[in-house]
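What follows is each chain in one-letter form.
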Amino acid sequence: MGVNKKLKKEDIRQFVTEDLVAKVNSEKEELKRLKFNHAVTTLSNPASIRATRRDVARLATELNKRKRENKA
């Protein structure tokens, strides 16, 4: 995924739940890596941390929405 390319709601809704879980985990790992690299050296684009964090939030929101729908 590109640095400035955010995930759109329509794209997220098309994920199968298992793929969504995998995507959340991979994005969280990417966020950890970015934060670590930023602490050690400067990033060429520090705004990528914010973009990744927001992508994780979008994915987690959709995942929680699906979990609530399955319980109801």
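Participant: Would you mind showing me how to read the overall build of the protein here?
Facilitator: Helices and strands together make up the secondary structure of the protein, namely 3 helices and 0 strands. Ordered by position from the N terminus, the helices and strands of the protein form the series α-α-α. Summarising its shape, the C-alpha atoms of the protein cover approximately 45 × 20 × 15 Å along the three principal directions. Burial statistics for the protein: of 72 residues in total, 24% are counted as buried. Counting contacts in the protein only where the partners sit at least 6 residues apart, residues at least 24 apart contribute 67% of the total.

Participant: Help me understand the environment of asparagine 45 in this model?
Facilitator: Here asparagine 45 is to be found in the loop between helix H2 (17-40) and helix H3 (47-71). Put simply, asparagine 45 and arginine 58 are 13 residues apart on the chain and 21 Å apart in space, counted from C-alpha to C-alpha.

Participant: Would you mind going over H3 with me for this structure?
Facilitator: Each turn of an α-helix holds 3.6 residues, which means side chains three or four residues apart point in the same direction. Taking 1.5 Å per residue, 25 residues should reach 36 Å; H3 reaches 37 Å between its end C-alpha atoms and fits that length. For H3, the set of buried residues is Ser48, Ile49, Thr52, Asp55, Val56, Leu59, Glu62, Leu63 and Arg66. Where H3 is buried, its residues contact helix H1 (9-13) and H2.

Participant: I keep staring at a positive patch on the surface and nothing clicks. Help me out?
Facilitator: On the surface, Lys6, Lys8, Lys9, Arg13, Lys35, Arg50, Arg53 and Arg54 cluster together into a positively charged patch. Those elements giving two or more residues to the positive patch turn out to be H1 and H3. Per-element tally for the positive patch: the top contributor is H3, with 3 residues.

Participant: Which parts of the structure should I look at to understand the pattern of salt bridges?
Facilitator: A side chain with one charge may pair with a side chain of the opposite charge, provided their charged atoms come close. Tallied over the entire structure, the rule returns 5 salt bridges. Glutamate 29 is the partner of lysine 32 in a salt bridge, and the nearest nitrogen-oxygen pair spans 3.8 Å. Taken together, the positions of lysine 32 and glutamate 29, both in helix H2 and 3 residues apart, correspond to about one turn of that helix. A residue is classified by how much of its surface remains accessible, and lysine 32, at 54% relative accessible area, is exposed. The class of glutamate 29 is partly exposed, set by a relative accessible area of 48%. A salt bridge links glutamate 62 to arginine 66; the nearest nitrogen and oxygen atoms lie 3.1 Å apart. Residue glutamate 62 and its partner arginine 66 are located together in helix H3, separated by 4 residues, close to a single helical turn. Of the two residues examined, glutamate 62 and arginine 66, each falls in the buried class.

Reading guide: rules and limits
- Residues numbered from 1 in each chain as written.
- Predicted model: local features only at pLDDT ≥ 70, side-chain atom pairs only at ≥ 80, totals over all residues.
- Heavy atoms only, no water.
- Helix = DSSP H or I, 4+ residues; strand = E, 2+ residues; numbered from the N terminus.
- Buried < 20%, exposed > 50% of the residue type's maximum accessible area, 1.4 Å probe, protein only.
- Contact = heavy atoms within 4.5 Å.
- Expected span 1.5 Å × (residues − 1).
- Patch = residues over 30% accessible without salt bridge, like charges linked within 9 Å, V, L, I, M, F, W, Y side chains within 5 Å.
- Areas by Shrake-Rupley, 256 points an atom, 1.4 Å probe, with all protein chains shown as cover.
- Salt bridge = Lys/Arg side-chain N within 4 Å of Asp/Glu carboxyl O.
- Lys, Arg positive; Asp, Glu negative; His and termini not counted.
- Charge placed at Lys NZ, Arg CZ, Asp CG, Glu CD.

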